[in-house]
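So you can see what is in the structure, the chains are spelled out below.
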Amino acid sequence: MSTLTAPQTATTTWNLDPAHSVAEFKVKHMMISNVKGQFAKVTGALTLDESDLTNSRIEALIEADSITTRDNQRDTHVKRADFFHVEKIPTLSFKSTRVRVVGDGELAVEGELTIRDVTRKVLFSVEGPTAPARDPWGNTRVAVSATTKINRKDFGLTWNAALETGGILVGDEVTITLDVQFVKA
């Protein structure tokens, strides 16, 4: 008599390492150059199924107040109601809903991005995850790099100013880039 058993999955949990991770964005300024910003406080977790990456999931949370654009006046402005309104809405978040393998070491991760309490589907192009590596303290790590583009107006980030020479001060398209390390729980 034989017994059929369900296949076992090799699912592991990995915590985002904020000291070795960067959440960054860039947007056109005055229609001529890009301004970049970063969020210093990012947390999250990866549920990794190494046998079938499409079963993997990721969640991340960003503290909006941790933004820096290398200009104190601009940082203060983007924290106010014109942009992130950090007093009322302190976080941005992402939760994956679907993972597809695109190629060797390339994934397409679809999910729900929430900015200013507005949630929209986005698609990240992801390089990784890397092969696991051990750090000098015995921790096992993996890394991913992910990129997407959004229209900031879709998330209620509509503030702008007309330029005297024509055009606008802040572009609508925002490129989001994440370079993230995870530590095995």
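Structure first, text after, so check above.
Let me begin by describing the structure that accompanies this report.

Calculation notes
- Residues numbered from 1 in each chain as written.
- Predicted model: local features only at pLDDT ≥ 70, side-chain atom pairs only at ≥ 80, totals over all residues.
- Heavy atoms only, no water.
- Helix = DSSP H or I, 4+ residues; strand = E, 2+ residues; numbered from the N terminus.
- Buried < 20%, exposed > 50% of the residue type's maximum accessible area, 1.4 Å probe, protein only.

### What to know about unusual backbone geometry
Line of reasoning, step 1. Residue P129 is bonded to the preceding G128 through a cis peptide linkage, with omega at 5°.
Line of reasoning, step 2. Tracing the backbone through its elements, the reader meets P129 in the loop between β9 (118–127) and β10 (133–134).
Line of reasoning, step 3. Residues other than glycine seldom take positive phi values, yet R70 does so here, at roughly 70°.
Line of reasoning, step 4. Tracing the backbone through its elements, the reader meets R70 in the loop between β6 (67–68) and α1 (72–79).
Line of reasoning, step 5. Residue classification places R70 among the exposed residues on the basis of a relative accessible area of 80%.
Line of reasoning, step 6. Unlike most non-glycine residues, D117 shows phi in positive territory, near 65°.
Line of reasoning, step 7. By the secondary structure assignment, D117 is in the loop between β8 (106–115) and β9.

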